[in-house]
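# Remarks on the overall topology
Residue strings, one per chain:
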Amino acid sequence: MTSDMGLLGELSAEQLGWLGDLDRTRADMFARLDELYVPEQCWPAPTFAETVTAALGPDLSDAQWRALGVWAQLRMSVSRDHEHDHRPNPALLALRVAEREPAWTGDEIDLLWRAAVEPLQHRYSYQAPLTIPWAVTGKLTHEEQRRHLPRMRRIQEIMTGAPWHSSSSFKRDLDVFLAGHAENDPVAVTTCLAGGGDGFAVLVATEYGSRLGDPRTSPLMRHWMTATSARPSPAWLRQAAVLLTPEAAVLIREVLDRLPAHRETTNRHRNGDHTWTTTTYLHERTATLLRGMVWTCELIDEPWTVPLLGEVALAAGIGIGGSGPNSRCEMLVNAALLVLAGRGGLEVVAPLARMQAKVRKKSILARVARTLDAVAAQAGLNREQLLDRTAPAFGLGPDGVREEKAGEHVIRLALDEAGTPQLTFLNPAGKPVRSAPKAVKESHGGLLTEFRNTLKEIRKTLPSERFRVERALAEDRLWRWNQVEEFFLDHPVTGVHGRRLIWQILQGPAGIPVRTADGWELTDPIGRRIQPRADTPMRLWHPIREPVEEVRGWRDHLLEIGLRQPFKQAFREVYLLTPAEERSGTLSNRFAGHRLRYGQAKALLSERGWTGLSLGHWDAVGGSEQGEAVKEVPGWQARWDMQLPWESWETDRYGDPAAFCLSGPIRFYRTDEESSQEELRRPAPLTEVPSPVLSEAMRDADLAVGVSSVGLDPQGQGDYWHSYNFGDLTETAEIRRDALTRLLPRLRIAGRAELTDRFLRVRGDLRTYRIHLGSGNILMEPNDAYLCIVPDVAPDQVFLPFEEEGGMLSVIISKALLLADDAAITDPSITRQIKG
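Attention here is on the structure that accompanies the text. The structure presented is a predicted model; accordingly, all values stated were derived computationally and were not measured. (Residues numbered from 1 in each chain as written. Predicted model: local features only at pLDDT ≥ 70, side-chain atom pairs only at ≥ 80, totals over all residues. Heavy atoms only, no water.)

### Notes on the overall build of the protein chain
Regarding its fold elements, the protein chain presents 37 helices and 22 strands. Taken over 836 residues, the protein chain has a buried fraction of 49%. When contacts within the protein chain are restricted to residue pairs at least 6 apart in sequence, those whose partners lie at least 24 apart make up 65%. Total accessible area on the protein chain is roughly 39700 Å²; 50% of this is exposed by carbon and sulfur atoms. (Helix = DSSP H or I, 4+ residues; strand = E, 2+ residues; numbered from the N terminus. Buried < 20%, exposed > 50% of the residue type's maximum accessible area, 1.4 Å probe, protein only. Contact = heavy atoms within 4.5 Å. Areas by Shrake-Rupley, 256 points an atom, 1.4 Å probe, with all protein chains shown as cover.)

### Points about the pattern of salt bridges
Under the criterion given, the structure shown has 47 salt bridges. A salt bridge links arginine 32 to glutamate 35; the nearest nitrogen and oxygen atoms lie 3.0 Å apart. A residue pair is termed a helical-turn pair when its members lie 3 or 4 positions apart in one helix, as arginine 32 and glutamate 35 do in helix α3 (residues 24-36) at 3 residues. Between glutamate 101 and lysine 139 there is a salt bridge, and its shortest N-O distance comes to 3.5 Å. Separated by 38 residues along the polypeptide, glutamate 101 in the loop between α6 (91-100) and α7 (106-120) and lysine 139 in the loop between α8 (131-138) and α9 (142-146) bring together distant segments of the chain. The pair glutamate 101 / lysine 139 is uniform in exposure class, with both members exposed. One salt-bridge network, in which partners are shared between bridges, spans Glu470, Lys568, Arg572, Glu573, Glu696 and Arg699. (Salt bridge = Lys/Arg side-chain N within 4 Å of Asp/Glu carboxyl O.)

### Let's talk about unusual backbone geometry
The omega torsion across glutamate 781 and proline 782 is 10°, close enough to zero to call that bond cis. In this fold, proline 782 is placed in the loop between β21 (778-780) and β22 (785-787). One non-glycine residue, glutamate 101, lies in the positive phi region at around 55°. Despite not being glycine, aspartate 476 shows a phi value in the positive range, around 60°.

### Here we look at helix α14 (residues 199-212)
Across its 14 residues, α14 extends only 17 Å between first and last C-alpha, which sits more than 12% below the 20 Å expected from 1.5 Å per residue. Bending of α14 peaks at approximately 50° at the position of threonine 206. Here α14 has its buried residues at Phe200, Ala201, Val204, Ala205, Tyr208, Gly209 and Leu212. Contacts from the buried residues of α14 go to α13 (186-194), α15 (218-224), α17 (246-258) and α18 (284-296). (Expected span 1.5 Å × (residues − 1). Bend = angle between axes of the 7 residues up to and from the residue.)

### Some thoughts on the sheet that holds strand β4 (residues 409-415)
Overall, antiparallel pairing links the 4 strands, which are arranged β3-β4-β5-β6 in an open sheet. Strands at the two margins of the open sheet, each flanked by one partner only, are β3 (401-406) and β6 (432-433). Pairing of β3 with β4 involves 6 bridges; the strand directions are antiparallel. Within the sheet, the bridge partner assigned to glutamate 404 lies in β4 and is isoleucine 411. (Pairing = 2+ DSSP bridges.)

### Focus on the side chain of histidine 148
Note that histidine 148 resides in the loop between α9 and α10 (149-161). Given a relative accessible area of 2%, histidine 148 falls into the buried group. Not counting residues up to four positions away in its chain, the partners in contact with histidine 148 are Gly106, Ile109, Asp110, Trp113 and Leu140.

### Structural notes on the packing of α13 against α14
Two elements in contact, α13 and α14, have axes whose closest approach is 7 Å; the angle formed by their N-to-C orientations is 140°. Taken together, the axes of α13 and α14 are oblique relative to one another. α13 and α14 meet at a crossing whose hand is right-handed. Residues Pro186, Val187, Thr190, Thr191 and Ala194 of α13 pack against Ala201, Val204, Ala205, Gly209, Ser210 and Leu212 of α14. By residue class, the composition of the contact of α13 with α14 is 7 nonpolar, 4 polar and no charged. (Axes fitted to C-alpha atoms, helices over the stretch in contact; angles between N-to-C directions. Parallel < 35°, antiparallel > 145°, perpendicular 65-115°, else oblique. Left-handed = near helix turned anticlockwise from the far one by under 90°. Nonpolar A, V, L, I, M, F, W, Y, C, P; charged D, E, K, R; others polar.)

### What to know about the pairing of strand β5 (residues 421-426)
Side chains on a regular strand alternate between the two faces of the sheet. Across the 6 residues that make up β5, a large majority, 5, are buried. In the sheet, β4 pairs with β5 via 6 bridges, with the strands oriented antiparallel. The partner of valine 410 across the bridge, within β5, is leucine 426. In textbook terms, the turn of a hairpin is the stretch between consecutive antiparallel strands, and for β4 and β5 this stretch comprises 5 residues, one of which, glycine 419, has a positive phi near 85°.

Next up, the structure:
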């Protein structure tokens, strides 16, 4: 069916061929829309989309919505004389159809994409012709999308060659989409993502395309293309950390190292009779890619990062041609300065001083000056002292509260002594409510968003501060009492942890902080008050330095007063030299010979400050079959050998991270300035390693084994599995036993449970059970049958004196409570094992 009237009369023969024969629904819809498509009236007349909605009503069928969408798509494909044609723009109508999401047929989607190509060649409204086909295609499966790739690639070519299209956000989205369909062509993936808008992008695609587009690296490259804000969010950096690989780190260094030699190019453009030239250093797309790489350098702790970021900032900060008051690419300069400022320290002074000498743009110089001022103020401070002074308070007062008026309401953010941040609201009567009042949402949305974002940041900061304070315990740091009060007791965030710890006068008494009218004092387990002077040297109390009776006294006291510490301090494991280690000389095999899940072990060790571990079947730069994890503490370095199991050459794919690793011995090396070069090169005798240094390194190793050993597999078997699950207790398990000794009399099952050397023995109504204090696994008497249970955590009413890594103490208590009442268990997966 054809017509010389309305839209059909304006379509070319080719366009009419796309349309085919019209069914009744489509013909009626076209005729009605043609009647409504008249020149726009003067403002404030309704839009064409509003006119159509009012005329047709809201209750259109799915077929009518599709007909309306096809009409709008074809209407945009008709060439228009914008100077004399005053009929309305159907773009908003297309948007409404896209939002409706009707069920399109494959042929209709093909028609939509065909019709989208023509207007893009004539600079039509940028993204408008793509609204419907783009929305529809995004809902298709990967295979269904393939049918439309040729037309999408044609649109990509059109937009790449047109300056008014090449910088659009849709062009970037389209390139990223098409990169996802070039999985078998790494260079095509890189070309799609980098964009090819300047010489450096061409260089990246040509020389690094096969590596950047590799399936192992391309997800991170896609992530770099989302670096479109002024600074990375915590979520952005977390995702980058997940995707970052050793090969990607090498690529970042190689690509950024090429930038200082890159020069701008001048291009001539023509559009009809109009010609113009542009000078391009980095296209926005290329700069976005490089900014993502620069942000990722925040996650790479290598000696080359600071000098290279300085070179990048300088190359992008100087003017076109190497001089002048502007900068070649300020967004990239700001990204590099952001990472440098975040690192701080004296190492950033040299590259920033070079920028001061050569860069001329005022905004960049001001930022460089602020960073240098901050470094100058830090002179004489080490990294931990800097962190003490810069821990974020998020606007909270000394009482851990921040309040802001929001009209007649009050928004309240509070951090309680247990370390739980809460956002509440006070109504005009002063009564707290949990949900945001409507008036606050409508009139103070910006302030509400700020408070909610702050709540998220506090939740992220609390665990990092806890690890930082625990690291101070492990490293045996010293402060003055007035510094302890300022940084760890009065601070609204860090104080949540510091106020629940035991502080000790150097070579003197220890106590838990208690607030007084004049400040703070310490109180010991028998109630004695200790008032240090402002300049009294202080440190965190550590059980390895104290007699056994004092350690027991503190453990009993914490349970008596119900104080849960943010990490194990009173109940901290102590690792003393064994006779075997004294005989071995320079190495400890205490945690050697364990088969570990490599990813879990590396993640835990990295979290606790160990670095350098890189195992996998790739080249020597990115990893190998042998390696070591390294931890630096003041004056010392611990090194833990790791290697891949021999069968990994058959089970692991080439280029992938290792699945498992085997732990080896631990050695210690001096790093202090007083030692000779010979002493620095060779491992130190274990008898000369300070007991806190050795104990904390062994504790990390014990935790890594306890979390990542394959012995934890419930379905495991063999000698190693049985020894790990039911053998002698490690120091961590011994601490668990000590805690249970004190907790057991407080539990309702005290009359049904007893502790043996390695087990918590629980008497149920049906059987008696032995729960291993190391692995948490269960044997049933009388035949030691294995019982597999996946437990819930311990109920909230069971007080635990510390927040244990891995939660095994909670698991053991939970299993004990369950099995003491085994006659009430209804889970058939458990009852079958018990009765069997």
